[in-house]
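Report on the structure
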Amino acid sequence: MEIKTFTIRNHTRVGGRGGGSAKNNAVCYFWKEGKCNRNPCRFLHTDFPALSVYHRNFKQSQASKDQLKKSLKYALGENTRGGSLEDKSNKSSRSFGEDLPTSCPLYSAKNWSVLKTGSHGLEGVNNQESSCPGAEDLQRKCPDHNNVLALPARGGGSEDRIAQNCNVSATEAEGLKRIRVQKYIEDSPKDTVISTTEGSVPEVETPRKDQQKACEQWLSDSCVEGKGCQYLHSWFQGVGFSMLAKLSGHSEAVSGIALPSGSDKLYSGSTDGTVRVWDCHTGQSVRVMNLGDVIGSLISVGSWVFIGMPNVVKAWNIQTEADFSLYELVGQVYAMTAARDMLFAGAQNGVILVWKGSTESKNPFQLATSLEGHSGAVTCLAVGAKWLYSGSADSTIRVWDLDTLQCIHTLNGHADAVTSLICWNQHLLSCSLDQTVKVWFATDESHFEVTYTHDEYHGALVLCGVNDAATKPVLLCSCSDNSVRLYELPSFSERGRIFSKQVVRTIQAGPDGIFFTGDGTGLLNVWKMD
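Bear in mind that the values here come from a model prediction, so they are computed numbers and not experimental data.

Before going further, it helps to spend a moment on the sheet that holds strand β35 (residues 524-529). The strand order across the open sheet formed by four strands is β8-β35-β34-β33, and the pairing between neighbours is antiparallel. Since the sheet does not close on itself, it has two edges, and those belong to β8 (241-247) and β33 (504-509), each with one partner. Recorded for the sheet is a direction-independent mean angle of 25 degrees between the axes of neighbouring strands. Strand direction decides the pairing type here: β8 and β35, joined by six bridges, are antiparallel. The residue bridging lysine 246 from the neighbouring strand is asparagine 525, located in β35.

This is the structure:
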C-alpha cells in the first residue's frame, strides 16, 4: 500500500499530496425537499456549514489553494474524474486528536468538542435518539455545526460502517472525512507531519520536543506556541539538581561571584561597574557600590574581597571596611587567585601580577613580582599542589612553580584561547574556544600529558567543580550556546543542562552542594545539587 507523507511548515505544505474541500460535494435537492427515494444517492443527504466558517490564518495564493485541494483528494483516494473511492483498508488508523499538543486549535472548547471512543466510535456529544444502529453517531457528525468537524473515533472505516447500517452512501461518509482533514490541516501547528495511506484518514505525528534546547522565545517571555512548542519551556533539564532563587539587579554581564567563608552575604561584580551585596536569607540586594569602570573579575579570600578592573585591583575588607587600590598599568584584570599569602592577577597585557601580604606597612599588599611569558591576555588562573596554572588567549597553558615563581612547563594542547582552568584530584582540567575540554595529568614533575579530550559542539567558556549529595564529583561547563552542561566525573556522562538568555560567564561553587551562575544579562541564579 502506498504511503504518502507531507509536512506543514508555517502552514505551507512542502512536498507530498493532499487537499480537497467540502464544496466538491453537492447536497441532494430532492433530499432537502424530503422527496428523495434513491438509495444510495450520489449527492449528499446532509447540510454542511458554509465554507466561510473555515477561516485561514495564513496567506495563500489561489494557485496554491487549488494544488492543496487536488493533492488532498489524491491522499484521500478520491477519483480525479469525480466522486470518491471507498476506503479499501480494514486496518485501524489513529484519530487526529491522539498525542496532539493541547495548544492545537483542535482542542479549543469554543470551536468544537473533543470526542472520546465509545461503543459506536463516539460518545458524550449528542443524546438524540436514533432509528437504526449507528445513526446516533451520524447525527453527531452531520446536523450540528459545532460537531461536524469533531474527531473521528479510533479505528478506521467508521464512516463506511455507519453508511452501511443507516443506508448512507460512502460518498457522504467520505465527505465528512475530507472536511475534518481540511480543517485540521488549516489549523495545524507548524512542523506537524501528516502521513496518509491512500483511501484512509491521515495519521498525525506531532513534532518531538528537543530535550537539549530551551525555547529562546519562552526565555524572553514571548513564545506563543504553548505546549505545542518543539523546544523546552524550562530553565533546566535533568535530574539531581534544582534552582533555588533568581537574583536580578545588574544591568550587564555578571563577571564575578564570591561567597566569603563564614559570611551570610553574597558578592557579585558586573561589567556595569557595580558590586552588589546580597542577603543569603532573603535574596535581596542590600548594598550597591558603583566603582565607575568595568569589572573583569571578583574573588574572596578570607575576609577580603578583590575586584579586578582596568589597571587596578581593589581590595576590600568586609569586616573592617578597609579598602586599598593596587594600581599597575596592565589593562583589564581578567582573572585572580590566591595561594601561600600571595595574590595573583592575570592581566590583559599577558602579565601575571603577584602581591604578597605584609604587616609592616599601612598597605598590607606589596607587589612582589610580575610573571611574563604569555603573548596574549591571561584569561584564567588556578592553583593545584605546588603549581600555579595560567591560561591565555595565546592558546597555551603555563605551569609556574609556587616556590620559585618560574615557568617550568608550557602546555600546547589547545587550538584556540584557553578560557578556564580547575584542579581536580591530581588532574588539571582546561577548556577552550576550540570546543574541547581536556584532562591533563603530570606523569612526573617534568612532563604533562592529555589523558582525555571531551568534545563540545560549542566553545567552552567556564569550568567549575561541585559535589552532589552523594559526594560524587560533577563538572559544570558553560558553553557559548547559552547553556551549562553538568557532567559526571570521570565518565563525562551528561547529567543535565542549565539554560540562560545569554552565555553564563561565571560559575562559583558554594557550601553544601550550592552553586551560583551569572549570565550576560546580569541575572544571578542560585542552584543546589540534590
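With that settled, the discussion passes to the packing of aromatic side chains. Under the definition given, this model contains 13 aromatic pairs. The interplanar angle of 55 degrees and the centroid separation of 5.4 Å between the aromatic rings of phenylalanine 236 and phenylalanine 241 together place this pair among those described as tilted. For phenylalanine 236, a relative accessible area of 25% translates into the label partly exposed. With a centroid separation of 5.6 Å and an interplanar angle of 90 degrees, the aromatic rings of phenylalanine 236 and tryptophan 527 are classed as edge-to-face. Residue phenylalanine 236 is found in strand β7 (residues 236-238), and its partner tryptophan 527 is found in strand β35; the two are separated by 291 residues along the sequence.

Where burial is concerned, most of strand β15 (residues 312-317) is hidden: five out of the six residues are buried. Note that strand β14 (residues 304-309) and β15 share six bridges and pair antiparallel. Residue pairing for β15: glycine 308 is matched across the bridge by valine 313. The antiparallel pairing of β14 with β15 creates a hairpin that spans two residues between the two strands, and asparagine 311 there sits at a positive phi of about 65 degrees. The sheet contact formed by β15 and strand β16 (residues 323-327) spans five bridges and is antiparallel.

With that settled, the discussion passes to the pattern of salt bridges. With the rule as written, the count across this model stands at seven salt bridges. Two residues, arginine 287 and glutamate 321, come together in a salt bridge whose shortest N-O distance is 3.5 Å. Residue arginine 287 is located in strand β12 (residues 285-290), and its partner glutamate 321 is located in the loop between β15 and β16; the two are separated by 34 residues in the primary sequence. Its relative accessible area of 36% is what places arginine 287 among the partly exposed residues. A relative accessible area of 40% means that glutamate 321 is categorised as partly exposed. Close ionic contact of arginine 497 with glutamate 494 constitutes a salt bridge, the shortest N to O distance being 2.5 Å. The exposure class of arginine 497 is buried, given its relative accessible area of 11%.

To continue, consider the pairing of strand β10 (residues 265-270). The buried fraction of β10 is high, at five of six residues. As paired elements, strand β9 (residues 254-258) and β10 share four bridges and run antiparallel to each other. Bridge pairing links valine 254 to serine 270 in β10. Here β9 hands over to β10 after six residues, with glycine 262 in that stretch at a positive phi of 80 degrees. Where β10 meets strand β11 (residues 274-279), five bridges bridge the pair, whose relative direction is antiparallel. Residue pairing across strands places glycine 269 opposite valine 275, the latter belonging to β11.

With that settled, the discussion passes to the UniProt feature "repeat: WD" (unreviewed entry) in the protein. Feature annotation in UniProt places "repeat: WD" (unreviewed entry) on residues 247-288 and 371-410, given in this structure's numbering. Secondary structure content for residues 371-410 is 0% helix and 57% strand, while the C-alpha to C-alpha distance between its ends is 14 Å.

With that settled, the discussion passes to the sheet that holds β7. Strand order in this open sheet of five strands is β7-β32-β31-β30-β29, and the pairing throughout is antiparallel. Of all strands in the sheet, those with a lone pairing partner are β7 and β29 (460-467), marking the two edges. On average, adjacent strands in this sheet sit at an angle of 20 degrees to one another, irrespective of strand direction. Inspection of the sheet shows strand β30 (residues 473-479) paired to strand β31 (residues 483-488) by six bridges, in the antiparallel sense. Pairing of serine 478 across the sheet is with valine 484, part of β31.

Along the chain, glutamate 456 falls in the loop between β28 (447-455) and β29. A distance of 3.4 Å separates a polar atom in the side chain of glutamate 456 from a polar atom in the side chain of histidine 454. Once you skip the residues sitting within four places of it in the chain, glutamate 456 turns out to touch Gln435, Cys477, Cys479, Arg485 and Tyr487.

A few words on the state of the cysteines. Counted under the stated rule, the structure contains zero disulfides. Counting only cysteine sulfurs, cysteine 477 is the nearest neighbor of cysteine 479, a cysteine outside any disulfide, at a range of 4.1 Å. With relative accessibility at 0%, the residue cysteine 479 sits in the buried group.

On the secondary structure map, arginine 276 appears in strand β11. In this structure the side chain of arginine 276 is engaged in a polar contact, spanning 3.2 Å, whose partner is the backbone oxygen of glycine 249. Only 3.1 Å separates the side chain of arginine 276 from the side chain of serine 285, close enough to count as a polar contact. Arginine 276 has contacts with Gly249, His250, Leu266, Tyr267, Ser268, Ser285, Arg287 and Val288, leaving out every residue within four places of it along the chain.

Moving on, we get to the environment of aspartate 519. Turning to its location among the elements, aspartate 519 is positioned in strand β34 (residues 514-519). Given the relative accessible area of 3%, aspartate 519 is considered buried. In sequence terms aspartate 519 and lysine 501 are 18 residues apart; their C-alpha atoms lie 7.6 Å from each other. Each residue touching aspartate 519, except ones within four places of it in the same chain, is listed here: Ala253, Val254, Ser500, Lys501, Gln502, Val503, Val504 and Arg505.

Conventions used here
Residue positions within a chain follow its written sequence, with the count starting from 1. Under the rules for a predicted model, residues below a pLDDT of 70 receive no local features and side-chain atom pairs below 80 are neither given nor counted, while totals for whole chains, interfaces and linings still include all residues. Here the side-chain values reflect all heavy atoms present in the structure, with hydrogen atoms and water set aside. Pairing between strands is defined by DSSP: at least two bridges between the two strands are required. Here a strand is any run of E in DSSP of at least two residues, a helix any run of H or I of at least four, and the numbering for each starts at the N terminus. Think of each axis as a best-fit line through the C-alpha atoms, taken over the contacting stretch in the case of a helix, with angles from 0 to 180 degrees between the N-to-C directions. Working definition: a ring pair exists when centres of Phe, Tyr or Trp rings (six-membered ring for Trp) sit within 6.5 Å. Plane angles under 30 degrees give stacked, over 60 give edge-to-face, the rest tilted. Type-normalised accessible area, obtained with a 1.4 Å probe on protein chains alone, sets the label of each residue: buried when under 20%, exposed when over 50%, and partly exposed for intermediate values. By definition, a salt bridge exists where a carboxyl oxygen of Asp or Glu is found within 4 Å of a side-chain nitrogen of Lys or Arg. UniProt positions are given in the numbering used here, feature names are shortened, and annotations may be inferred rather than shown by experiment. Any N or O atom pair separated by 3.5 Å or less is treated as a polar contact, with the protein-specific requirement of one donor-capable and one acceptor-capable atom, and with residues adjacent in sequence counted only for side-chain atom pairs. Residue contacts are counted whenever heavy atoms from the two residues lie within 4.5 Å of one another. Here, the term disulfide refers to a pair of cysteine sulfur atoms separated by no more than 2.5 Å.

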